[in-house]
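Breakdown of the fold
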Amino acid sequence: MRIAALGDVMLDVIVRLAEPLAPGGDVRAETRTTTGGQAANVAAWAAQLGADARCIAKRGDDPTGELLARELAARGVELVGPVTAGATGVVVSVVGADGDRALASDRGVATELAPEELDPGWLECDVLHLSGYALLREPVSDAALLAARLAHARGARVSVDVAAWTELRAFGPVRFRELLDTVGPDVLFATEAEWEILGGAYLTAPAGVIKRGARGITVISDDARLELSPVAADVVDTTGAGDAFAAGFLLGGSLEESARRGLQAAARCIAQVGALP
């Protein structure tokens, strides 16, 4: 099984607050830096779960980009994509006492990936996973659409994670649904908030997964609907849980097998600090 993920590779700065932020004040926190970005996270979890994994992303020629490339290589992920003058992206994840996180993202040069920079050989895979963030800005959205066409033409399944509801709301749900219709994903991942913004019952894929946090997931297909509870875990940091779930789900099997494997990966993810396995 080869899984390719297209989108971002970014530096994750994870800030675990000991108490809520105080405007004008200073609070204690535990801070860690690691590799992140939706595409990189999915690829890293796929590799850890036994797949051949490739991350397709544009990164800067700065020390951050070099550091992230080394870390992904050490985790068995093939990182491909152009390296260009500019800054590699950074995302700050502020984690509260309950483990829930809020993100502040600077995507750096990742959004500049252009269709002509894609190598068709990168799309030789069983599954292509598209970060929803890659559909929200140009020219990377054009590169994502081309990658989906190339992957489908080679017989691969294509999945899309809708990405943050805040970005989706600003972009416009109608425009995003039109992009999804163009991609033609086989699997669509979304949180409850994202699903509702897209139109609730709207489903543009043979399989859809609604992520409900502590209430588990709902998996919907043309002929089945599954409601599954999460795997029990001590919640330390929810950063990357959805990406871990997607990697587990995409390894294949029946809908239930895929979903349970994804839930197990997500439980492992939230029990630690950071998005990588």
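The structure under discussion appears in the preceding block.
The following paragraphs examine the structure supplied in this document. Chains are numbered independently. Their residues run from 1 in the order of the written sequence. Given that the model is predicted, a residue must reach a pLDDT of at least 70 before its local features are reported, and side-chain atom pairs must reach 80 or more before they are shown or counted; all residues, however, enter totals for whole chains, interfaces and linings. The side-chain numbers reported here are obtained from all heavy atoms of the structure, hydrogens and water having been left aside.

1. Some points on the nonpolar core
In these notes, a set of buried Ala, Val, Leu, Ile, Met, Phe, Trp, Tyr and Cys residues joined through side-chain atoms within 4.5 Å is what counts as a nonpolar core. Per-residue accessibility, obtained with a 1.4 Å probe over protein chains only, is compared with the maximum for each type, and a residue is labelled buried under 20%, exposed over 50%, and partly exposed between these values. If you look at the biggest cluster of nonpolar residues, it comprises 46 residues, and the most contacted ones within it are Cys-55, Val-77, Phe-189, Ile-217, Phe-245 and Phe-249. Strands here are runs of E lasting at least two residues and helices are runs of H or I lasting at least four, both read from the DSSP assignment and numbered beginning at the N terminus. The greatest single-element share of this core, amounting to eight residues, is contributed by helix α1 (residues 38-48). Residue contacts are defined here by distance: any two heavy atoms, one from each residue, within 4.5 Å place the two residues in contact. What Phe-245 contacts, discounting residues up to four positions off in sequence, is Phe-189, Val-209, Ile-217, Ala-259, Gly-262, Leu-263 and Ala-266. Of all hydrophobic cores here, the second largest spans 41 residues; its members include Leu-113, Ala-148, Leu-188 and Ala-205.

2. What about the layout of surface pockets?
Taken as a whole, the largest pocket spans an internal volume of roughly 1,400 Å³. Throughout, the protein atoms alone are placed on a 1 Å grid, and a set of points is a cavity if a 1.4 Å probe fits but cannot get out or a pocket if it is open with protein on both sides within 12 Å along at least five of seven lines; lining residues have an atom within 4 Å of a point. Around the largest pocket sit 48 residues that line it, and Arg-101, Thr-191, Thr-238, Ala-241 and Gly-242 are the ones nearest its centre. Of all the secondary-structure elements, those providing two or more residues to the lining of the largest pocket are β2 (10-17), α1, β9 (101-108), α4 (165-171), α6 (192-198), α7 (241-250) and α8 (255-270). Tallying contributions element by element places β9 first for the lining of the largest pocket, with six residues. Grid points are joined across faces, edges and corners, and a volume is the space filled by probe spheres set on the points.

3. Quick word on helix α2 (residues 63-74)
A helix is expected to span 1.5 Å for every residue after the first. Relative to the 16 Å expected for twelve residues at 1.5 Å per residue, α2 spans 17 Å between its end C-alpha atoms, a close match to the ideal helical length. When α2 is considered as a whole, its buried residues turn out to be Gly-65, Leu-68, Ala-69 and Leu-72. Taken down its axis, α2 places every buried residue within 100° of arc, on the same side. Relative to its buried face, α2 has exposed residues pointing more than 90 degrees away, namely Pro-63, Arg-70 and Ala-74. Each element contacted by the buried residues of α2 is listed here: β2, β3 (29-36), α1, β5 (59-60), β6 (77-80) and β8 (88-95). Relevant arc is that of directions from the helix axis to the C-beta atoms, nothing else.

4. Overview of the environment of Leu-168
Residue position: Leu-168 is located in helix α4. Distance in space between the C-alpha atoms of Leu-168 and Leu-135 is 10.0 Å, their sequence separation being 33 residues. Excluding anything up to four places from it in sequence, Leu-168 contacts Val-162, Pro-173, Phe-176, Glu-194, Ile-197 and Leu-198.

5. Regarding the pattern of salt bridges
By convention in these notes, a salt bridge is any Lys or Arg side-chain nitrogen within 4 Å of a carboxyl oxygen on Asp or Glu. Counting across every chain of the model gives twelve salt bridges. The partner of Arg-154 in a salt bridge is Glu-124, and the shortest N-O contact between them spans 3.0 Å. With Arg-154 in the loop between α3 (140-153) and β11 (157-161) and Glu-124 in the loop between β9 and β10 (127-131), the pair connects residues that are 30 residues apart, well separated along the chain. By relative accessible area, Arg-154 is classed as partly exposed at 34%. One network of salt bridges, in which partners are shared, links Arg-2, Arg-54 and Glu-78.

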